[in-house]
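Per-entry structural report
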Amino acid sequence: MKKIGVADTTFSRVDMASAAVDELNATGSGFKVVRRTVPGIKDLPVACKKLIDEEGCGIVMALGMPGPKPVDKTCAHEASMGLIQVQLLTNTHIIEVFVHMDEVSSEKELAHLAERRTREHAVNAYNMLFRPQKLRRQAGTGQRQGFKDEGRIE
Amino acid sequence: MKKIGVADTTFSRVDMASAAVDELNATGSGFKVVRRTVPGIKDLPVACKKLIDEEGCGIVMALGMPGPKPVDKTCAHEASMGLIQVQLLTNTHIIEVFVHMDEVSSEKELAHLAERRTREHAVNAYNMLFRPQKLRRQAGTGQRQGFKDEGRIE
Amino acid sequence: MKKIGVADTTFSRVDMASAAVDELNATGSGFKVVRRTVPGIKDLPVACKKLIDEEGCGIVMALGMPGPKPVDKTCAHEASMGLIQVQLLTNTHIIEVFVHMDEVSSEKELAHLAERRTREHAVNAYNMLFRPQKLRRQAGTGQRQGFKDEGRIE
Amino acid sequence: MKKIGVADTTFSRVDMASAAVDELNATGSGFKVVRRTVPGIKDLPVACKKLIDEEGCGIVMALGMPGPKPVDKTCAHEASMGLIQVQLLTNTHIIEVFVHMDEVSSEKELAHLAERRTREHAVNAYNMLFRPQKLRRQAGTGQRQGFKDEGRIE
Amino acid sequence: MKKIGVADTTFSRVDMASAAVDELNATGSGFKVVRRTVPGIKDLPVACKKLIDEEGCGIVMALGMPGPKPVDKTCAHEASMGLIQVQLLTNTHIIEVFVHMDEVSSEKELAHLAERRTREHAVNAYNMLFRPQKLRRQAGTGQRQGFKDEGRIE
């Protein structure tokens, strides 16, 4: 049975992993979820690598909520660079789901955005592992996870 | 038969992959196109690596449309760094075709730019694989894909 | 017996390593601490790698205090990138504990923040090595090391 | 016979490669030049790596002309990072000769700067391969390729 | 006998390598110095790697003087990233001694700073190789190479 890794943080103010697991289970079956929780987003790259190398995950969702300060933006950049490196070292996709605290202006909107983006990317993760042709049909259609899609320009 | 990889995203608002495939076929023959679609540009590096490692592509076009916000610019930078790493790990060229949404000021111009840049780089990809001397003859001539060439300064 | 590495710098104005070792010992047992001191934070990545490769540490705490100038911020970024690379090369977690000199406005607050953040991350390091389920229970709860936790948004 | 690689771009508005080859031949002998032309500076890293891995070049000159816009500056940074990575993967020097379009204010000055910097670095490349003691004697003397040397501060 | 590498540039306006060698010899014995000079700081990473891989150096000092312009700051960042990579690839420390031209306001101060920082880091390099406990005793004491130490905050 295939494995889907879900890595999240104690820094995030929203329980993104539960949304991910719930949506994955609502989307399909034939997989097992393996979870890991780390302190912050910079701890995610090696956590994802271990989910791939040691647990045999076929794809991983990396869930994080970068803060609004410049140092937080730098952390997010470093984490993203690390997540790309992991993918290249393992030839395995990692779906980065980062929700920046300053994307919206209230706690309520932040929780909503985090859940919605996580759920939409859970579907992407499932599709990439089990039915990549679904993504192919959405090529160039301006998909936006967590916000309204922008659509294709004809 | 040689293979040319074409990787694109669901984030892009223009179907750049179709333009790429159309132009490749108009330019020459003797190759097979292998396509992959991923959610966003940060998913392109490992998609391109898999096209090279697992599908045997001799060159890959990485097509993306970064958004206009600072976080989008950072994403584009991260994706570009990853694409360069893939090339060094595989000794294989990847032609990055990124069209930034703020390069032009209307949707119509954006679609035009995306198609034109993609087509011009499709010719580059074909030439790099089959007739590198064509690029040699353009050395130092100020080529600009999607815009008017700037030309050589004598 | 498991080993926990603790790497610190002569640049830091606070003896963070002593706080780390003290807190580790107060948190649990069954481990041995191995320490290394280097001049600055950019020397930490290879020091941590050697603690893992040559000393067999199962986790490492990287303790540093970046200065307030732009060049110091760049140093911190470079060090962080290196620390992530070490983790990917060794499949081992490194807990980065960086306290920026401009996070607070007095020397007294800086010493307090450095000690408190180091101690809270020492608990994280211990938990990651011996009882990862403790982190799992804190997933998405807005933990902030050295400052008041922000808490979960329901 | 030793080989010197020369990689350049179709983006550059000056034929830097011809200047490089001309100056190399004027400086000494005992080597063969191998040329490659790619579209832009981000294509240079893998082109240089292939010149080293596949052609056996003992040193490579990477010639490029980054544009004046922020996105061009980012491209130059990415290319430079890639060129450093290639050197570390191959234990081979690559002399990066980048001429930024906004270093001078007219096309005439740009052509002059590009040619002069290329020629001065061609001498560096030759010296690094055949007579490294020449560089040793210039240590700490404020050399500036393409502009007036700043000289040593006593 | 152990070897200490010293890599410097022709770009620097101060002969930092001579200061390094002089101070190393004044600090202790039991080592041989191996020198390499390259054009600029971006050439230092591979020069240091070759000093380690090909010459067997147990530690290397990388001496450079980045210019004051934004492009120079980017070069310094790229060089630093490369130097960290070399350390991780070789499990060997490299002491980066960079003196930015805009740290002080006169040529006289620049020469003084460059010499003093180089000499203080030469002692660090010697200590790291022969008596690491000396650094251990300075942990968290606010050392500043080239300027007055800031000291420990109690």
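Before any of the text, the structure's been laid out above.
Every value quoted in this text rests on a predicted model; they were computed, and no experiment measured them.

What counts as what
Residues numbered from 1 in each chain as written. Chains lettered and ligands numbered in written order. Predicted model: local features only at pLDDT ≥ 70, side-chain atom pairs only at ≥ 80, totals over all residues. Heavy atoms only, no water. Helix = DSSP H or I, 4+ residues; strand = E, 2+ residues; numbered from the N terminus. Rg over C-alpha atoms; globule rule 2.2 N^0.38 Å. Buried < 20%, exposed > 50% of the residue type's maximum accessible area, 1.4 Å probe, protein only. Contact = heavy atoms within 4.5 Å. Areas by Shrake-Rupley, 256 points an atom, 1.4 Å probe, with all protein chains shown as cover. Lys, Arg positive; Asp, Glu negative; His and termini not counted. Charge placed at Lys NZ, Arg CZ, Asp CG, Glu CD. Least-squares fit on C-alpha atoms with pLDDT ≥ 70 in both. Phe/Tyr/Trp six-rings, centres within 6.5 Å; stacked < 30°, edge-to-face > 60°. Lys NZ or Arg CZ within 6 Å of the ring centre and 35° of its normal. Buried area = accessible area lost by both parts, 1.4 Å probe. Salt bridge = Lys/Arg side-chain N within 4 Å of Asp/Glu carboxyl O. Polar contact = N/O pair within 3.5 Å; in protein donor to acceptor, adjacent residues only side chain to side chain. Nonpolar A, V, L, I, M, F, W, Y, C, P; charged D, E, K, R; others polar.

**With respect to the overall build of chain A**
A count of helical and extended segments in chain A gives five helices and four strands. Ordering the α and β elements of chain A from the N terminus gives β-α-β-α-β-α-β-α-α. For 154 residues, the compact-globule formula gives about 15 Å, and the C-alpha radius of gyration of chain A, at 15 Å, lands near that figure. Considered along the principal axes of its C-alpha atoms, chain A spans approximately 40 × 40 × 25 Å. Counting all 154 residues of chain A, 64% fall into the buried class. Once local pairs closer than 6 in sequence are excluded, the contacts in chain A between residues at least 24 apart make up 73%. Just so you have it, chain A exposes about 5800 Å², and 49% of that area is on carbon and sulfur atoms. If you average the places of the 22 positive and of the 20 negative side-chain charges in chain A, the two averages end up 5 Å apart.

**Observations regarding the relation of the copies chain B and chain D**
Of the transformation superimposing chain B on chain D, the axial component is 0.0 Å and the angular component is 72°, with the fit at an RMSD of 0.0 Å. A rotation of that kind, with that shift, is consistent with a five-fold axis.

**Regarding the environment of Leu44 of chain D**
Along the chain, Leu44 of chain D falls in helix α2 (residues 44-53). Spatially, the C-alpha atom of Leu44 of chain D lies 25 Å from that of Ala26 of chain D, the residues being 18 residues apart in sequence.

**A short note on helix α2 (residues 44-53) of chain E**
Taken across its ten residues, α2 of chain E has eight buried, putting it largely inside the fold. Among all positions of α2 of chain E, only Leu44, Pro45, Val46, Ala47, Cys48, Lys49, Leu51 and Ile52 of chain E are buried. The secondary structure elements touched by the buried residues of α2 of chain E are α3 (70-90) of chain D together with β1 (2-9), β2 (31-38), β3 (59-64), α3 (70-90) and β4 (94-98) of chain E.

**Describing the packing of aromatic side chains**
In this structure the tally under the stated criterion is 15 aromatic pairs over all chains. Judged by centre distance (5.9 Å) and plane angle (65°), the rings of Phe31 of chain A and Tyr126 of chain A are edge-to-face. With Phe31 of chain A in strand β2 (residues 31-38) and Tyr126 of chain A in helix α4 (residues 107-130), the pair connects residues that are 95 residues apart, well separated along the chain. In this structure, Phe31 of chain A and Tyr126 of chain A share a single accessibility class: buried. Sitting over the face of the ring of Phe11 of chain D, Arg144 of chain B holds its NZ or CZ atom 3.4 Å from the ring centroid.

**Remarks on the interface of chain A and chain B**
When the parts come together, some accessible area is lost, and that loss is often what is quoted as the size of the interface. The partner chain B presents 35 residues to the 32 residues of chain A that form the contact. Together, the buried faces of chain A and chain B total about 2700 Å²; carbon and sulfur atoms form 59% of this surface. Contact with chain B buries area across many residues of chain A, yet Leu88, Asn91 and Ile153 of chain A alone supply 27% of it, more than any other trio. Between chain A and chain B we count two salt bridges in total. Put simply, Glu96 of chain A and Lys42 of chain B hold a salt bridge, and the shortest N to O gap is 2.7 Å. In this assembly, chain A and chain B are joined by 16 residue pairs in polar contact (both at pLDDT 80 or more). Of all the secondary structure elements, the ones that give two or more residues to the side of chain A that touches chain B are α3 (70-90), β4 (94-98), α4 and α5 (133-137) of chain A. Here the element with the most residues in the side of chain A that touches chain B is α3 of chain A; it accounts for eight residues. Residue classes in the side of chain A that touches chain B are distributed as ten nonpolar, 17 polar and five charged.

**With respect to the relation of the copies chain A and chain B**
For the pair chain A and chain B, the relating rotation is 72°, the translation along its axis is 0.0 Å, and the fit reaches an RMSD of 0.0 Å. Mapped onto chain B, only 9% of the interface residues of chain A again fall at the interface, so the copies present different surfaces.

**Topic: the environment of Asn91 of chain D**
Relative to the elements of secondary structure, Asn91 of chain D occurs in the loop between α3 and β4 (94-98). Through-space distance from the C-alpha of Asn91 of chain D to that of Ile59 of chain D is 9.9 Å; in sequence the pair is 32 residues apart. Among residues more than four places away in sequence, those in contact with Asn91 of chain D are Val46, Lys49, Lys50, Asp53 and Glu54 of chain E. Among the polar contacts listed, one links the side chain of Asn91 of chain D to the side chain of Asp53 of chain E, at a separation of 3.0 Å.

**So, the pattern of salt bridges**
This structure, assessed with the given rule, holds 75 salt bridges over all chains. Here Arg119 of chain C and Glu115 of chain C are joined by a salt bridge, their closest N and O atoms 2.8 Å apart. Taken as a pair, Arg119 of chain C and Glu115 of chain C lie in helix α4 (residues 107-130) at a separation of four residues, close to a single helical turn. The partner of Arg35 of chain D in a salt bridge is Asp8 of chain D, and the shortest N-O contact between them spans 3.2 Å. Placement of the pair is Arg35 of chain D in strand β2 (residues 31-38) and Asp8 of chain D in strand β1 (residues 2-9), with a sequence separation of 27 residues.

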